[in-house]
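Structure assessment
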Amino acid sequence: MRVADVEDFWEDAIRASAALRACERNGLTLSLASETDPPPPTTHRLGPVSVAEEGRHCPDALLMPEALTEHGGRLMARAWVDTSVEYMRTGKSAAQAYAPGTEACPEELFSALLWLHDRGAREAVVKLGIRKAGVSRILLSPKLDEVRAAVTDDDVLCWSAIPDAAPPSGFLVQEWVPMTHEYRFFVVDGVLVTGAGCVEEFTPLDHRRVDGRFDAAMREWRGNGINGGSPSPVMRMPQRVSRYVEFLAPIAEGLPHGQRTVVIDVATSAQSGDPLIVEFNALPNAGLYATDADVLFENLVHAGDRGYQVNLL
Ligand SMILES: Nc1ncnc2c1ncn2[C@@H]1O[C@H](COP(=O)(O)OP(=O)(O)OP(=O)(O)O)[C@@H](O)[C@H]1O
Ligand SMILES: [Mg+2]
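The notes below deal with the structure included here. Quick caveat: nothing in here was measured; it's all calculated off a predicted structure.

Rules of the game
Counting starts from 1 at the beginning of each chain's written sequence and moves along it residue by residue. Each chain is given a letter, starting from A, and each ligand a number, starting from 1, according to the order in which they appear as written. Two thresholds apply to this predicted model, a pLDDT of at least 70 for residue-level local features and 80 or more for giving and counting side-chain atom pairs, whereas whole-chain, interface and lining totals are computed over all residues. Calculated side-chain values reflect all of the structure's heavy atoms, with hydrogen atoms and water omitted. Each reported salt bridge corresponds to a side-chain nitrogen of Lys or Arg within 4 Å of a carboxyl oxygen of Asp or Glu. Helix numbers and strand numbers start at the N terminus; a helix is a DSSP run of H or I with at least 4 residues, a strand a run of E with at least 2. Throughout, exposure labels follow a simple rule: accessible area from a 1.4 Å probe, protein chains only, divided by the maximum for the residue type, with under 20% read as buried, over 50% as exposed, and the rest as partly exposed. In what follows, a contact means two residues having at least one pair of non-hydrogen atoms within 4.5 Å. Whenever a nitrogen or oxygen atom comes within 3.5 Å of another N or O atom, the pair is scored as a polar contact, on the condition that within protein one atom can donate a hydrogen and the other can accept it, and that pairs from neighbouring residues in sequence are kept only if both atoms are in side chains. The pairing criterion for strands is at least two bridges between them, as found by DSSP.

1. Looking at the pattern of salt bridges
Under the definition given, this model contains 13 salt bridges. For E11, the salt bridge goes to R15, with nearest N and O atoms at 3.6 Å. Of the two residues, E11 and R15 are both situated in helix 1 (residues 6-25); the distance of 4 residues between them amounts to about one turn of the helix. Across this residue pair, the class does not change: E11 and R15 are buried. Note that K127 and E279 form a salt bridge whose closest N and O atoms lie 2.7 Å from each other. Residue K127 is found in strand 2 (residues 123-128), and its partner E279 is found in strand 10 (residues 275-281); the two are separated by 152 residues along the sequence. The two residues K127 and E279 agree in class, both being buried. What emerges from the salt-bridge pattern is a single network uniting E182, E200 and R222.

2. What about helix 4 (residues 109-118)?
Most of helix 4 is tucked away, with 9 of its 10 residues classed as buried. Along helix 4, the residues classified as buried are L109, F110, S111, A112, L113, L114, W115, L116 and H117. Those residues of helix 4 that are buried are in contact with strand 1 (76-79), strand 2, strand 3 (135-139), helix 5 (144-152) and strand 4 (171-175). Between the side-chain oxygen at the start of helix 4 and the backbone nitrogen of F110 there is a gap of 3.3 Å, and the oxygen is on E108. Of the residues trailing helix 4, G120 is marked for its positive phi of about 105 degrees.

3. Considering the pairing of strand 10
Extensive coverage of strand 10 is indicated by the burial of 7 of its 7 residues. Sheet topology places strand 9 (residues 262-269) next to strand 10; 6 bridges connect them, and they run antiparallel. When the sheet's bridge partners are listed, V266 is paired in strand 10 with I277.

4. Some words on the pairing of strand 3
Here strand 3 shows one buried face, formed by S136 and I138, and one open face, formed by V135, R137 and L139. Pairing between strand 2 and strand 3: 5 bridges, direction antiparallel. For V125, the partnering residue across the bridge sits in strand 3 and is R137.

These figures capture arrangement, not role.
Right, dumping it as structure tokens:
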């Protein structure tokens, strides 16, 4: 078998074996669900069932949940492309009428980007509202034409600003804030059950048991197109992990019904030095990195909130 990404293969194998062990320990039956015959809502679902869930782990509801807005450490808002008949007929978008000093972020995409610039942001991160369809970093400007060009010239976003193609779920626009030491927590029923640094090449086989449930390995710069640079060396940072747990545990405890079993990435703001939430993801496909998969599945087979919002996927 050829697999595009070796850890993708390991991840699936690890999920399946950890799920099997958890079921055996708890006297539960593990069965493979069919796509055409979805499992009853009373079952504990431990992995993706339909193709719609594969590799698409960010349902709309988790794009900008309240906890992300509150603890994201950066300005952010949802925005949409103007698809009104008026705009298509005249080419006059709401953005042309954007007035500096506007208090609330406008819902129209280009106005929202002008608003971010107005608030002091010089670069933005724009994420498509369709799960995992792409995220880009663009330069901001006080000029509508330049902001529009930044979006339409961007390899990822170019198509999305065409009214006919624009995603109905819109975008998440954020101020770009450099962030370091990204770390992923798996939350089950509002409790942090396991976690690991966002180290792309790691799987639970790299988990160090001496660290307990929260693996201490992480890297300063994840190294991607958004935060720039290349991946820094992996280091063991137990104190930073403790700081993250201290930051996130009370937030996780207060999450609303339907968001209590989720995956939350945290990082440190390179500007303020404080922890922040990078993003929320749903459970089915969020990469495990060097988490303790047995701890995760032991918790999942007992979870009240299953972490699957099928109607939202
Ligand atoms: N506002 C921001 N400012 C600076 N960097 C950001 C910002 N938002 C995201 N990033 C960086 O971009 C990466 C990808 O963003 P995010 O995790 O929100 O999207 P994603 O669709 O899940 O992408 P990926 O699958 O690569 O994680 C983050 O891990 C982080 O390094
Ligand atoms: Mg991510």
